[in-house]
Amino acid sequence: MSIKENHKRIKDNIENAIRRSNRENDVTLIAVTKQVDVDTAQEIKNEGIIHLGENRFESLFNKQDEIQGVNWHFIGSLQTRKVKEVINRIDYLHSLDRLSLAEEIQKRAENPIKCFVQVNVSGEESKHGLNPDAVIGFIRSISELDKIQVIGLMTMAPFTEDEQIIRASFNGLKKLQQEIKNLHILNAPCTELSMGMSNDYEIAIEEGATFIRIGTSLVQKG
Ligand SMILES: *Cc1c(COP(=O)(O)O)cnc(C)c1O
């Protein structure tokens, strides 16, 4: 299948999931281009997808040299010492998960940066992100940092085939997002949810995702 065909299938699935979930919010498709070369990323952009996601800065910079006019999402974990190089070249950061990172962003960012606080809903040790219980305290602790704008929460679902477990973790993130939104913290409007990947984006949309991050099912050939 070509990228065009994959994109069409994904768009149909997104629309159907939106319809099933009885909601009006838009869903923004982020094409995760970490597995593909610059030409393929360019092809994705030519398909009209204007949000691209990368998880390593080398690969981000390579693509930025060639591809203009897209919104860049950094979806990988970001080392504090790399903030200086990366932060003014991206539009969204999906992996804010600690105070030291927030403070470094405050120091280095030229403009406020749209951030998702990454939450480890499943508690799996292999995953980055804050424990759900720690998220509100963390967001309060960075409320004075005006270069940080917490637009929402991000998570990766647990590794399981069990749809109920995946659904419950997305639903848990949604509840937490609404709780934070209702705190009306100035730099944390927290209206967005970045959740859902190739295997689970339809469930994520049904549970309220506003940004989905899709790599494999967009670029697969088979
Ligand atoms: C790789 C990656 C994705 C995309 O995953 P696919 O299963 O290929 O769609 C989404 N989010 C993050 C954080 C990733 O690292």
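The structure displayed is predicted, hence computed values, not measured ones.

Caption draft 1: Spotlight on the UniProt feature "domain: Alanine racemase N-terminal" (unreviewed entry) in the protein chain. Taken from the UniProt record, the annotation "domain: Alanine racemase N-terminal" (unreviewed entry) applies to residues 8-218. The distance from the first to the last C-alpha atom of residues 8-218 is 9 Å, and the span holds 39% helix and 18% strand.

Caption draft 2: Representation of the site of the ligand. As a matter of local geometry, the ligand sits amid Val 32, Lys 34, Gln 35, Ile 75, Met 154, Met 156, Met 197, Ser 198, Arg 213, Ile 214, Gly 215 and Thr 216. The separation between a nitrogen atom of the ligand and a polar side-chain atom of Arg 213 is 2.8 Å. The separation between an oxygen atom of the ligand and a polar side-chain atom of Thr 216 is 2.5 Å. In the complex, the protein chains occlude 88% of the 380 Å² of accessible area that the ligand would expose alone. By residue class, the composition of the shell around the ligand is six nonpolar, four polar and two charged.

Caption draft 3: Examining the packing of aromatic side chains more closely. A complete count under the given rule lists three aromatic pairs for this structure. Geometrically, the ring pair formed by Tyr 92 and Phe 211 is tilted, given 5.6 Å between the ring centres and 55 degrees between the ring planes. Taken together, the positions of Tyr 92 in strand β4 (residues 92-96) and Phe 211 in strand β8 (residues 211-214) put the pair 119 residues apart, joining distant regions of the chain. On the basis of relative accessibility, which here comes to 9%, the residue Tyr 92 falls in the buried class. Aromatic rings pair up to connect Tyr 92, Phe 116 and Phe 211 into one cluster. Positioned over the ring face of Tyr 92 is Lys 114, at 5.1 Å from the centre of the ring.

Rules behind the numbers
- Numbering of residues starts from 1 in each chain and follows the order in which that chain's sequence is written.
- The model is predicted, so local features are restricted to residues of pLDDT at least 70 and side-chain atom pairs to those at 80 or more, both for listing and for counting; the totals for chains, interfaces and linings are taken over all residues.
- To obtain the side-chain values, all non-hydrogen atoms of the structure were used and water was disregarded.
- UniProt positions are given in the numbering used here, feature names are shortened, and annotations may be inferred rather than shown by experiment.
- Numbering of helices and strands runs from the N terminus, with a helix taken as a DSSP run of H or I at least four residues long and a strand as a DSSP run of E at least two residues long.
- Any residue with a heavy atom lying within 4 Å of a molecule or strand is counted as near it.
- Here a polar contact means two N or O atoms within 3.5 Å. Within protein one must be a hydrogen donor candidate and the other an acceptor candidate, and residues neighboring in sequence count only if both atoms are side-chain atoms.
- The Shrake-Rupley method, run with a 1.4 Å probe, gives the accessible areas here. Residue values count only the displayed protein chains as cover.
- When residues are sorted by character, Ala, Val, Leu, Ile, Met, Phe, Trp, Tyr, Cys and Pro go into the nonpolar class, Asp, Glu, Lys and Arg into the charged class, and all the rest, Gly among them, into the polar class.
- Aromatic pairing here means that ring centres of Phe, Tyr or Trp (its six-membered ring) are within 6.5 Å. Orientation follows from the plane angle: under 30 degrees is stacked, over 60 is edge-to-face, and everything else is tilted.
- Any residue under 20% of the maximum accessible area for its type is buried, any over 50% is exposed, and the rest in between are partly exposed; the area is computed with a 1.4 Å probe on protein chains only.
- Geometrically, a lysine NZ or arginine CZ counts as sitting over a ring once it is within 6 Å of the ring centre and also within 35 degrees of the ring normal.

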